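What follows is the residue order along each chain.
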Amino acid sequence: MLGCSCVPLRAQEATSASRVVSLDYGLAQTMIELGVPPVGLVDTPAWADWTVEPPLPAKVVNLGSAHEVNMELLQLLRPDLIVSTPYLEWVRPQLEQIAPVKSFPIHALGSSPFPHIIDATRELGRMLGRTTEAEALIDRSEMELRAAQTATRHLGKLAVITFIDERNIRIYGPGGIFQDVFDRLELQNAWTRSTNEWGFADIGMADLFDLGDARLFYMDPIPPDVLAKLPGSPLWQSMPFVQAGHVQRMASVLMFGTLPAATRFARLLAEAST
Amino acid sequence: MRYVTAHPSFATALLWCLAAAITAINLGPLIGSTGVSAFFSMPSAGDSQAVLLHYSLLPRLAMSCVCGFALGLSGVLFQHVLRNPLASPSTLGVEAGAQLALGVAMLWFPALLGWSRDTATAFGGFAAMAVVFAVAWRFKFQPVTVILTGLVTGLYCTAIVTLLTLMNDHYLSGLFVWGGGSLNQNDWRAVSGLFPKVIGCSILALLLVRQLGVLTLGEAAQGIGIKLQFVRAAALFVAVALTTFTVSAVGVIGFLGLAAPAIARAVGARRINTRLIVAPLIGAALLIIVDQIMQVYTAKTGSYVPTGAATALIGMPVLLLVMMKRGGSLQTAVQGRLSPTTIRRPLLLITALAGLVLAVALVTIFVGRGVDGSWISHTGATLKSVLPWRLPRLVAATSAGIMLALAGSLLQRLTGNAMASPEVLGVSAGTAFGLLCVLFVVAEPTIGDRLIGGLVGAATVLGILFAMSRTAHSGNQFLILGVSLGAFLTALISVVLASGDPRALSLISWMAGSTYGVSSTMSLIILILAIVGAISVTLLVRPLQQFALGDVSAHSHGVDVKKLQILILGIGALLTAVATLIVGPLSFVGLMAPHLAQRLGLTRGLPHLMGSALSGALLMATADFIGRTIYFPWQLPTGLVATLLGGPVFAVLLIRGRRLSTRH
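Residues numbered from 1 in each chain as written. Chains lettered and ligands numbered in written order. Predicted model: local features only at pLDDT ≥ 70, side-chain atom pairs only at ≥ 80, totals over all residues. Heavy atoms only, no water.

Looking at an unreviewed UniProt entry, one finds chain B named Fe(3+)-hydroxamate ABC transporter permease FhuB and attributed to Phyllobacterium brassicacearum. Listed in UniProt under the heading Subcellular location (unreviewed entry), the comment for chain B reads: "Cell membrane". UniProt, in the comment section headed Sequence similarities (unreviewed entry), describes chain B in these words: "Belongs to the binding-protein-dependent transport system permease family. FecCD subfamily." (UniProt positions renumbered as here; feature names shortened; annotations may be inferred.)

Q: I would appreciate a short explanation of the overall build of chain A in the present structure.
A: Helices and strands together make up the secondary structure of chain A, namely 12 helices and 10 strands. By the compact-globule yardstick of 19 Å for 274 residues, chain A fits well, its C-alpha radius of gyration being 20 Å. Overall, the C-alpha framework of chain A stretches about 60 × 35 × 35 Å when taken along its three principal axes. Looking at chain A residue by residue over its 274 residues, the buried ones come to 60%. Put simply, 62% of the contacts in chain A that link residues at least 6 apart link residues at least 24 apart. For chain A, the exposed area adds up to about 10000 Å²; of that, 53% sits on carbon and sulfur atoms. Averaging the positions of the 22 positive and the 31 negative side-chain charges in chain A gives two centres separated by 3 Å. (Helix = DSSP H or I, 4+ residues; strand = E, 2+ residues; numbered from the N terminus. Rg over C-alpha atoms; globule rule 2.2 N^0.38 Å. Buried < 20%, exposed > 50% of the residue type's maximum accessible area, 1.4 Å probe, protein only. Contact = heavy atoms within 4.5 Å. Areas by Shrake-Rupley, 256 points an atom, 1.4 Å probe, with all protein chains shown as cover. Lys, Arg positive; Asp, Glu negative; His and termini not counted. Charge placed at Lys NZ, Arg CZ, Asp CG, Glu CD.)

Q: Please clarify how the packing of aromatic side chains should be interpreted in this entry.
A: With the rule as written, the count across this model stands at 10 aromatic pairs over all chains. Consider the rings of A:Tyr172 and A:Phe178, whose centres lie 5.0 Å apart with planes at 80 degrees: the pair is edge-to-face. Neither residue differs from the other here; A:Tyr172 and A:Phe178 are each classed as buried. Between B:Phe126 and B:Phe237 the ring centres are 6.2 Å apart and the planes differ by 35 degrees, which places this aromatic pair in the tilted class. Taken together, the positions of B:Phe126 in helix α4 (residues 110–138) and B:Phe237 in helix α9 (residues 228–250) put the pair 111 residues apart, joining distant regions of the chain. An aromatic cluster is present here, built from A:Phe163, A:Tyr218, A:Trp236 and A:Phe241 joined pairwise through their rings. Over the face of the ring belonging to A:Phe114 we find A:Arg184, whose NZ or CZ atom lies 4.0 Å from the ring centre. (Phe/Tyr/Trp six-rings, centres within 6.5 Å; stacked < 30°, edge-to-face > 60°. Lys NZ or Arg CZ within 6 Å of the ring centre and 35° of its normal.)

Q: Before we go on, may I ask you to explain the sheet that holds strand β4 (residues 81–84) of chain A in this structure?
A: Note: strands within a sheet are paired through backbone hydrogen bonds, in either parallel or antiparallel orientation. Residue and element names in this part refer to chain A. Overall, parallel pairing links the 5 strands, which are arranged β3-β2-β1-β4-β5 in an open sheet. Here the strands that pair on one side only, and so sit at the sheet edges, are β3 (61–62) and β5 (101–103). As paired strands, β4 and β5 are joined by 3 bridges and run parallel to one another. When the sheet's bridge partners are listed, Val83 is paired in β5 with Lys102. Each of β1 (20–22), β2 (40–41) and β4 is contacted by helix α2 (residues 25–33), which is oriented at about 140 degrees to β1, the strand it contacts most. (Pairing = 2+ DSSP bridges. Axes fitted to C-alpha atoms, helices over the stretch in contact; angles between N-to-C directions.)

Q: Quick question: what am I supposed to make of helix α3 (residues 94–108) of chain B here?
A: The end-to-end C-alpha distance of α3(B) is 21 Å, a good match for the 21 Å that 15 residues give at a rise of 1.5 Å each. Where burial is concerned, most of α3(B) is hidden: 13 out of the 15 residues are buried. (Expected span 1.5 Å × (residues − 1).)

Q: Looking at this structure, how should I read a nonpolar patch on the surface?
A: On the surface, B:Leu524, B:Leu527, B:Ile528, B:Ile531, B:Val532, B:Ile535 and B:Leu539 cluster together into a nonpolar patch covering about 690 Å² of accessible area. Mapped onto the secondary structure, B:Ile528 falls in helix α19 (residues 520–538). (Patch = residues over 30% accessible without salt bridge, like charges linked within 9 Å, V, L, I, M, F, W, Y side chains within 5 Å. Salt bridge = Lys/Arg side-chain N within 4 Å of Asp/Glu carboxyl O.)

Q: Would you mind going over the sheet that holds strand β7 (residues 168–172) of chain A with me for this structure?
A: Residues and elements named next belong to chain A. Ordered by their spatial adjacency, 5 strands build an open sheet running β8-β7-β6-β9-β10, and the pairing between neighbours is mixed. Of all strands in the sheet, those bounded by a partner on one side alone are β8 (200–204) and β10 (247–250). Averaged over all adjacent pairs, the angle separating strand axes in this sheet is 35 degrees, with direction ignored. Across 3 bridges, strand β6 (residues 158–163) lies against β7 in antiparallel orientation. In the strand pairing of β7, Phe163 is matched with Ile169. Against the sheet, helix α12 (residues 259–272) engages β6, β9 (215–219) and β10, with an angle of about 140 degrees to β10.

Q: When you look at the domain arrangement of chain A in this model, what are you seeing that I'm missing?
A: Accessible area lost upon the coming together of the parts is a frequently used measure of interface size. All names here are of chain A. Domain annotation for chain A reports domain 1 (2–104) and domain 2 (154–272). Taken together, the 13 residues of domain 1 in the interface contact 13 residues of domain 2. Across the interface of domain 1 and domain 2, roughly 930 Å² is buried in total on both sides, 57% from carbon and sulfur atoms. The largest per-residue losses of area from domain 1 upon contact with domain 2 belong to Gln29, Trp50 and Glu53, which jointly make up 50% of the total buried on that side. Where domain 1 meets domain 2, there are 2 salt bridges. Taking the shortest distance from any N to any O, the salt bridge between Glu53 and Arg267 comes out at 2.6 Å. Put simply, the parts of the chain that give the side of domain 1 that touches domain 2 at least two residues each are α2 and α3 (47–50). In terms of residue count, α2 provides more of the side of domain 1 that touches domain 2 than any other element does, 6 residues in total. (Domains from an automatic or database assignment. Buried area = accessible area lost by both parts, 1.4 Å probe.)

Q: How do you make sense of the side chain of A:Thr152 when you look at a structure like this?
A: Residues and elements named next belong to chain A. By the element assignment, Thr152 lies in the loop between α7 (131–151) and β6. The exposure class assigned to Thr152 is buried, which follows from its relative accessible area of 0%. Polar side-chain contacts of Thr152 include one of 2.8 Å to the backbone oxygen of Ala148. (Polar contact = N/O pair within 3.5 Å; in protein donor to acceptor, adjacent residues only side chain to side chain.)

Q: What is the right way to look at the packing of helix α6 (residues 114–127) of chain A against α7(A) in this model?
A: Geometrically, a packed helix pair is captured by the angle between its two axes and the distance between the axes. Residues and elements named next belong to chain A. Interhelical geometry of α6 versus α7 gives an angle of 150 degrees and a closest axis separation of 6 Å. It follows that α6 is roughly antiparallel to α7 by the angle criterion. α6 and α7 meet at a crossing whose hand is right-handed. Between α6 and α7, the contacting residues are Phe114, Ile118, Thr121, Arg122, Gly125 and Arg126 on the first element and Thr131, Ala134, Glu135, Leu137, Ile138, Glu142 and Leu145 on the second. Classifying every residue of the contact of α6 with α7 gives 6 nonpolar, 3 polar and 4 charged. (Parallel < 35°, antiparallel > 145°, perpendicular 65-115°, else oblique. Left-handed = near helix turned anticlockwise from the far one by under 90°. Nonpolar A, V, L, I, M, F, W, Y, C, P; charged D, E, K, R; others polar.)

Put into structure tokens, the structure is as follows:
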């Protein structure tokens, strides 16, 4: 499947694609950084809440749901390349009627996503005719991560969670980009139990006892009733990290993002540690 | 308790011993280390073990006990009042209404959640009940009307929730966890809020015991001077209140309300007085057992399954076993039927319906939206470029509508049960499950892989149904088996949804009835299959007529009942499997279309079948157009839009039909 779709792509290499549609936020992040923003992207209104950085250019056309890209609209946009993830593989035959499709496997491959993100960045750079920009983005990201490493030296053990509601929590670990950033900053994740292949685990609040007095970041967005209810919960109040005053709020970072998401996460950590 | 005979009390005691044993295994070591004093005294903040026990594990144990009791009690009430062993708290759309309220609050009125999440959900549950009661009141709470309105209200709310989810997939993960039924507790507040409400409802239920016993006499009770209508309304109100309070506290605990009364009946609690006591106790014990097992499981494996979803997984085989043994003792399902009037000239009506289908199809082909979102009728080259996207959707949706409608007609005729529909038979859920397996086993599933997975799933369910058909004696028992299988598979799916795995979202959009992935070749194949299906169903018209008169009558006419049953079921299931692959398991066209035809006056024989098929086609074609254009560039799944369209039409026809039939 992948093999056959590469043939038309290689033929195009000389001219390189300019009207590119992205069916994934993470890939769109990298494209914007490379200076070739997508002409169309799925679910553009939610970008500002979840991806935040880099800002989405206003002229990007909204293609609707990520699970059901609007084919008619896609056809009317006349793209010369569609970039996507393996999760849309089932509609590849339909997408290929419109333009060549390149799919980037990054997450849930049973390994850390970071190397796949680097590969995807290079590959995107090559296909968009922006190889130098791609290398520059990789170097810039490495540099930002190194800078953050110095800044976050004093953080110690830490954990990142999001609140599903006041009783149920999602915590992040191996398999996701947050853990990858921890590793590069040489920070230790306080959550040592297992996570799923996407790099998170759904747990109850009682499980947070395992974190001890590590530093805890809870990420936006937060359901509106949670912050009001936490102070009244004896369970939350008796958590060692709450008693030690090690709890901090953090702005949203795209969990399935690429290099811009990783550096954003590192920068937010660095800002929090000052 | 003097009502409890030796047999059911023995079984209940056994279950409670099991519950106690599992709880001891799970909590024992911790209690051992903290001492029993942690039960009662406020632990100091530093003592994490005692805090854990006092504020998380013990409230959770209490919560599972209270919720299990409440759901068991409400299940008994529902099943008794509605005289249907398939009736459960979800029958009246209470859970769906509550979930809808929660979703709407999350998206648009977050302040409401900050004020009180439980009140917001309870409001949704009671609102759904109010709708059902408003309709049912006119019908004196006749069981068949209550069930139908309840089902449709539930479907309607579920449809809107699914739409919200698809449009806002990032925001609503909390809704999935809620839908999975999580018993996690942070303190005693939730339990102490729920407990008095459940006690209050239980007292009300006990006050109703005598009147409930009279209900069994059916319409004959009218003579003894008891206002049936009020007894039914009061009992249903108590049942709905119990469900609503429970779901607003912990979310949907699947299956318990269905299983607990069934088990109570199977272990010998025959009289309603006995069941009212035994079923809640069994419910409480079951939920404790399941929840404690899940805690041990999570501790051992590190993977998290919401208890509510697990209940269905564990409760379902239990229920099946019980039914296989005691199948004969289950009450029969709804037999009562509303008698709509037959119109004199069915041909005229059928032609009009066909004309409408054609008109909608033409609009769908030519009208669409431009890049900037404006409405335009496409022509020439542009039309040619977008037609490959429009036509297959339309053809596939319409064909699927026809197939589901036919399957629904067949099953409703065969079983004489107004609730019967392909969705209810569990075949849809089987297809969904097959697809789910493909999504998780195959790394990059193509449309072909999906098809194979779906067909294998449907075939497996069919196989199980046929294998069990040897012990089943009536069409209704097929339905019970189907519903149980369906509930089981739906629970599996909600486990996956609650896990937050991104792949699950693609499953939701398919389940919602999206015709998105249909290619032109596929749509052609489906069209041919729909035509073949329609022809073969036409050949069954005569034997079906006899079935409408009941098994006995069919037998006396020299029909080989068993063979014919299997043939009709087989055709119905095949039609369902193909259609479900296209529009997902949630469209419920199969339930609505035959009723629509009937309410329009096409009540029997060939006109009824054709009317159903055309109603199905009309619903789906209209849904395809609306779904594609109304919220551009998002595309609303056809199956869902069909449900949203069909619901009100159905309700109007139901009420109007009532007026017509009272005129006689």
